[in-house]
Amino acid sequence: MAGDTELSRIGISLPKNLLDKFDEILELRGYSSRSEGIRDSIRNYITHYQWISDVKGERQGVITMVYDHEQRGLLQTLIDIQHQYTSNIQASLHSHVTHEKCLEVILVRGDGAVIKDITEKLMAQKGVEAVKLTTIPIED
């Protein structure tokens, strides 16, 4: 990726508040352009995806998730997803951060592919703002 010289132009639509926050971070970090910040963000996203893809074998871990509880239908969807994986979810902790934002910490154990599937299903929901998976292998 670092050696790519051919550039492609794309157009994206973003909520103004998200773009404003992104621009603020770009300025604080000294990026020369929005494009460079977006390229860096995409590289980080790809690296993160590849890291999550490498979760294999028996694992113990935690999924940390921030979401907007006012997003219509989201809470029920998140509960339904967790109920699909009751044999892998050991416990969860829910915190009301603000009136709109919630933080949920989910303790998981089981096959890495299943844990990855849970994480990706949660991540794909509209209104989920951040999801982070951290695991360690279970050694006998």
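Residues numbered from 1 in each chain as written. Predicted model: local features only at pLDDT ≥ 70, side-chain atom pairs only at ≥ 80, totals over all residues. Heavy atoms only, no water.

Right, let's talk about the side chain of Asp40 for a bit. By the element assignment, Asp40 lies in helix α2 (residues 34-53). The buried charged residue Asp40 lacks any salt bridge, with Arg29 as its nearest oppositely charged partner at 4.1 Å. (Helix = DSSP H or I, 4+ residues; strand = E, 2+ residues; numbered from the N terminus. Buried < 20%, exposed > 50% of the residue type's maximum accessible area, 1.4 Å probe, protein only. Lys, Arg positive; Asp, Glu negative; His and termini not counted. Salt bridge = Lys/Arg side-chain N within 4 Å of Asp/Glu carboxyl O.)

We now examine the sheet that holds strand β3 (residues 101-111). Strand order in the open sheet formed by four strands is β2-β3-β1-β4, and the pairing between neighbours is antiparallel. Lying at the two open borders of the sheet, with one neighbouring strand each, are β2 (89-96) and β4 (128-137). On average, adjacent strands in this sheet sit at an angle of 15° to one another, irrespective of strand direction. Judged from the nine bridges that link them, strand β1 (residues 58-68) and β4 form a sheet pairing that is antiparallel. Of the residues in β4, the one forming a bridge with Met65 is Val131. Where helix α4 (residues 112-123) meets the sheet, it contacts β1, β3 and β4, and its direction lies at approximately 160° from that of β3. (Pairing = 2+ DSSP bridges. Axes fitted to C-alpha atoms, helices over the stretch in contact; angles between N-to-C directions. Contact = heavy atoms within 4.5 Å.)

Parts of the prediction with low pLDDT should not have their coordinates interpreted in detail. A residue-level look at the chain finds 94% of positions with pLDDT of 70 or above and a mean pLDDT of 90. Across the chain, β3 holds the top mean pLDDT of 97, while α2 sits lowest at 81. (pLDDT = per-residue confidence, 0-100.)

Here we come to the nonpolar core. Ranked by internal contacts, the top residues of the largest apolar core, which has 18 residues, are Ile63, Met65, Tyr67, Leu78, Ile106, Leu122 and Val128. For this core, the secondary structure elements donating two or more residues are β1, α3 (74-84), β3, α4 and β4. In this structure Ile106 touches Gly61, Val62, Ile63, Met65, Gln82, Ile89, Ala91, Ser92 and Leu122, once residues within four positions along its chain are discounted. (Core = buried A, V, L, I, M, F, W, Y, C linked by side-chain atoms within 4.5 Å.)

Attention now moves to the environment of Ile106. By the element assignment, Ile106 lies in strand β3. Take Ile106: its relative accessible area is 0%, and that puts it in the buried class.

Time to look at the environment of Ser87. Here Ser87 shows up in the loop between α3 and β2. Residues Ser87 and Val114 lie 27 residues apart in sequence; the distance between their C-alpha atoms is 10 Å. A polar side-chain atom of Ser87 sits 3.5 Å from a polar atom in the side chain of Asn88. (Polar contact = N/O pair within 3.5 Å; in protein donor to acceptor, adjacent residues only side chain to side chain.)

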